[in-house]
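# Residue-level structure breakdown
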Amino acid sequence: MNSSMMIEMVGYLGSVLVLVSFLMASVVKLRVINSVGGLIFAVYALLIRSYPTALMNFCLVGINLYYLARLRYPDRHYTLIEERKDSSVLRAFLEHYAEDIAACFPGIRTDAEEADVICFVCHNMTPAGILLGKRREGGALEILLDYSTPEYRDCSVGKYLYSRLPELKVDILVFTGEPGKHEVYLKRMGFERKNDAYVKRIKE
């Protein structure tokens, strides 16, 4: 493979990553993959001496990094809304996100029949996350479902939700399901593995 073909391959790789990024449901993944693709394409543009293209892509990478930082430390105002088991909004939400919930939590049940605590976390009155929980003794709440929509997977929903749980007389969170991809989130939120469960103390 000669050098010109290798340079072309760099350009194709950057283009493919930029295109793939727009298939991501998660805004964070979209911007990360788009940044990597843009950076590779900027290098390609420098190699072929297309300096305006290189400058544009470096600027796009900078914009992505700026918004990634904003997503990591968002300035959002959430609202906690308690809901009933027979709520049509709850049923519609679970049905709408059923496929994504199943992908995040394989084998999980998405009905609320066992839940004693049902809470929506809303941003501008749009549901951004939901908590279904079953009360245990000693102020503990077993998490049946702790789900954030793809646009809000930066842990801000969870941080807000957990800060409000003492108002609902919840001192300890317990997750006994199979975490799968959710394990990363649990660790970031301060859960500790104890026997066959993940446990987080809300009030020390």
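Here we summarise the structure given alongside this text. Since we're looking at a predicted model, the values are computed, not measured.

### A few points about a nonpolar patch on the surface
- Residues Met 56, Leu 60, Ile 63, Tyr 66 and Tyr 67 make up a contiguous nonpolar surface patch of about 480 Å² in total accessible area.
- Note that Tyr 67 resides in helix α3 (residues 51–72).

### Looking at the packing of aromatic side chains
- Throughout the structure, instances matching the rule amount to nine aromatic pairs.
- Their ring planes at 45° and their centres at 5.4 Å tell us that Phe 41 and Tyr 44 sit as a pair that is tilted. With Phe 41 and Tyr 44 both in helix α2 (residues 27–47), this residue pair falls three residues apart, about one helical turn.
- On the accessibility criterion, Tyr 44 (12% relative accessible area) is buried.
- Ring geometry for Phe 93 against Tyr 147: centres 6.2 Å apart, planes inclined by 70°, an arrangement best described as edge-to-face. Of this pair, Phe 93 sits in helix α4 (residues 88–96) while Tyr 147 sits in strand β4 (residues 140–148); the two residues are 54 residues apart in sequence, bridging distant segments of the chain.
- Judged by relative accessible area, which is 6%, Phe 93 ranks as buried.
- We classify Tyr 147 as buried; its relative accessible area is 1%.
- An aromatic cluster is defined as three or more aromatic residues linked by ring pairs; in this entry it consists of Phe 93, Tyr 97, Phe 120 and Tyr 147.

### Some points on the nonpolar core
- Formed by 26 residues in total, the largest nonpolar core has its most connected members in Tyr 162, Leu 165, Leu 173 and Phe 191.
- Put simply, the parts of the chain that give this core at least two residues each are β1 (78–82), β2 (117–123), β3 (126–135), β4, α6 (156–164), β5 (172–175) and α7 (182–188).
- Looking at this core element by element, the count peaks at four residues for α6.
- Ignoring any residue separated from it by four or fewer positions in sequence, one finds Tyr 162 in contact with Ile 143, Asp 146, Leu 173, Tyr 185, Met 189, Phe 191, Lys 200 and Ile 202.
- Judged by nonpolar contacts, the second largest core, of 17 residues, contains Leu 94, Ala 112, Phe 120 and Tyr 147.

About the thresholds
- Residues numbered from 1 in each chain as written.
- Predicted model: local features only at pLDDT ≥ 70, side-chain atom pairs only at ≥ 80, totals over all residues.
- Heavy atoms only, no water.
- Patch = residues over 30% accessible without salt bridge, like charges linked within 9 Å, V, L, I, M, F, W, Y side chains within 5 Å.
- Areas by Shrake-Rupley, 256 points an atom, 1.4 Å probe, with all protein chains shown as cover.
- Salt bridge = Lys/Arg side-chain N within 4 Å of Asp/Glu carboxyl O.
- Helix = DSSP H or I, 4+ residues; strand = E, 2+ residues; numbered from the N terminus.
- Phe/Tyr/Trp six-rings, centres within 6.5 Å; stacked < 30°, edge-to-face > 60°.
- Buried < 20%, exposed > 50% of the residue type's maximum accessible area, 1.4 Å probe, protein only.
- Core = buried A, V, L, I, M, F, W, Y, C linked by side-chain atoms within 4.5 Å.
- Contact = heavy atoms within 4.5 Å.

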